[in-house]
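Residues per chain are reported as follows:
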Amino acid sequence: MGIRKIIKKKLCNYLLNKNIFTSKKTPNIKIKELISLVYPKKLSVENIRIGGKNDGGYIIPNDFNQIKYCFSPGVGNLSNFENDLAKKNIKSFLADYSVNPNFNNSHIDFEKKYLGPITDENYISLKDWMISKIDYEQTTDLILQVDIEGDEYDVLSSVDLNTLRKFRIILIEFHNLHYMFDEFFFQKIFKVFKLLSKNYYCSHIHPNNDVDFISKHKEIIIPPVLEFSFLRKDRAKILSNKLEFPNKLDNPNNPNKRDIVLPKCWHE
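Just so it is clear, the structure is predicted and the values come from calculations on it, not from any experiment.

K.L.:
Would you mind going over the packing of helix α2 (residues 28-36) against helix α7 (residues 183-199) in detail, with residue names and values included?
P.N.:
Running from amino to carboxyl end, α2 crosses α7 at an angle of 25 degrees, the nearest separation of the two axes being 10 Å. Viewed along their axes, α2 and α7 adopt a mutual orientation that is roughly parallel. Regarding α2 and α7, the two cross each other, and that crossing is left-handed. In contact with Lys 30, Ile 31, Glu 33 and Leu 34 of α2, α7 contributes Glu 183, Phe 186, Gln 187, Ile 189, Phe 190 and Phe 193. When the residues that make up the contact of α2 with α7 are grouped by side-chain class, the tally is 6 nonpolar, 1 polar and 3 charged.

Structure (structure tokens):
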């Protein structure tokens, strides 16, 4: 990212944090509608935590039966999540052009590519990646774990429904959520949340506490980075529309900072 883009992003973040909007502000009623699409629900499938206590660990529906593969774009310094999946005999396919990791695990396959909406040079689309690694037509129950620093909106918007629904479980770290106050960016977030809500139940949300600000406007409180857990609707039933936060499985991403409790507007 160039220096001008970095300065622009920091300035926009600062202004949004001060409730100063650089374009037309999204009405709060529309933001509430968006958030309501992904209210977490208590499901007939319980959640468990895998991948460690802090960053790299996820709260995930405990529905691994017959799952053989996980696709995990965005590679960090930790592979605890993939190592825990390996113990369940689940192979993980990782992709990230920006790193050169050395995994000592036969259940981890690394592709030096960015995940993108299309395949081009250093990018690969989700469908093309899947076709290159597994029997795409016959495999129907997969895990998708996404942490690609804001590119998740363009990637998910580009995925066809047949490809999306091959994933039984989806874990996504959504970035730049404070931009939903901006009406232009709001539409991009709304499109993705609506797509997921039609096909998946949200079973958990956790704010990433490594971010240094939270955006607020009246009753709307938006942590910029949230981790979501989704389970395909054919795999569970809703037991309750109300959940209490923080969850007993929650832990801070950064253990040296106080954790962020999910604001009530995200679950009530």
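Next comes the rest of the description.
K.L.:
Can you break down the environment of Val 261 residue by residue, with the values?
P.N.:
Take Val 261: it is sitting in the segment after β15 (238-240). Judged by its relative accessible area of 45%, Val 261 falls in the partly exposed class. For the pair Val 261 and Cys 202, spaced 59 residues apart in the sequence, the C-alpha separation amounts to 17 Å. Look past the residues within four positions of Val 261 in its chain and what remains in contact with it is Pro 207, Phe 245 and Pro 246.

K.L.:
Explain the nonpolar core to me, using residue names and the numbers behind them.
P.N.:
Judged by nonpolar contacts, the single largest core of 51 residues is most densely connected at Phe 174, Leu 177, Phe 193, Phe 228 and Trp 266. At 7 residues, α7 tops the list of elements feeding residues into this core. Those residues in contact with Leu 177, other than ones at most four positions away along the chain, are Tyr 153, Ile 189, Phe 193, Ile 222, Pro 223, Pro 224, Leu 226 and Phe 228. Residues Leu 43, Phe 81, Ile 90 and Leu 171 belong to the second largest nonpolar core, which totals 17 residues.

K.L.:
Just give me the short version of the state of the cysteines, but keep the residues and values in it.
P.N.:
Inspection of the entire model under this criterion finds 0 disulfides. Cys 202 takes part in no disulfide bond, and the closest cysteine sulfur to it belongs to Cys 265, at a distance of 13 Å. Judged by relative accessible area, Cys 202 falls into the buried class, the value being 3%.

K.L.:
For unusual backbone geometry, give the residues involved together with the corresponding values.
P.N.:
Cis geometry marks the peptide bond from Phe 245 to Pro 246; its omega dihedral reads 5 degrees. Its location among the elements puts Pro 246 in the segment after β15. If you check the backbone angles, Asn 89 has positive phi at about 65 degrees while not being a glycine. Counting through the fold element by element, Asn 89 comes out in the loop between α3 (80-87) and β5 (91-95). A positive phi angle is found at Glu 149, which is not glycine, with a value near 55 degrees. Relative to the helices and strands, Glu 149 resides in the loop between β9 (142-146) and α5 (152-158). The exposure class of Glu 149 is exposed, given its relative accessible area of 57%.

K.L.:
Go over the pattern of salt bridges, please, and point to the residues and values.
P.N.:
This structure, assessed with the given rule, holds 13 salt bridges. A salt bridge links Asp 141 to Arg 168, with the nearest nitrogen and oxygen atoms 3.1 Å apart. With a gap of 27 residues between them, Asp 141 in the loop between α4 (126-133) and β9 and Arg 168 in strand β10 (residues 167-174) connect regions that are remote in the sequence. Judged by its relative accessible area of 1%, Arg 168 falls in the buried class. With a shortest N-O distance of 2.6 Å, Arg 232 and Asp 234 are connected by a salt bridge. One salt-bridge network, held together by shared partners, links Asp 63, Asp 141, Arg 168, Arg 232, Asp 234 and Arg 235.

Thresholds applied
- Residues numbered from 1 in each chain as written.
- Predicted model: local features only at pLDDT ≥ 70, side-chain atom pairs only at ≥ 80, totals over all residues.
- Heavy atoms only, no water.
- Axes fitted to C-alpha atoms, helices over the stretch in contact; angles between N-to-C directions.
- Helix = DSSP H or I, 4+ residues; strand = E, 2+ residues; numbered from the N terminus.
- Parallel < 35°, antiparallel > 145°, perpendicular 65-115°, else oblique.
- Left-handed = near helix turned anticlockwise from the far one by under 90°.
- Contact = heavy atoms within 4.5 Å.
- Nonpolar A, V, L, I, M, F, W, Y, C, P; charged D, E, K, R; others polar.
- Buried < 20%, exposed > 50% of the residue type's maximum accessible area, 1.4 Å probe, protein only.
- Core = buried A, V, L, I, M, F, W, Y, C linked by side-chain atoms within 4.5 Å.
- Disulfide = S-S within 2.5 Å.
- Salt bridge = Lys/Arg side-chain N within 4 Å of Asp/Glu carboxyl O.

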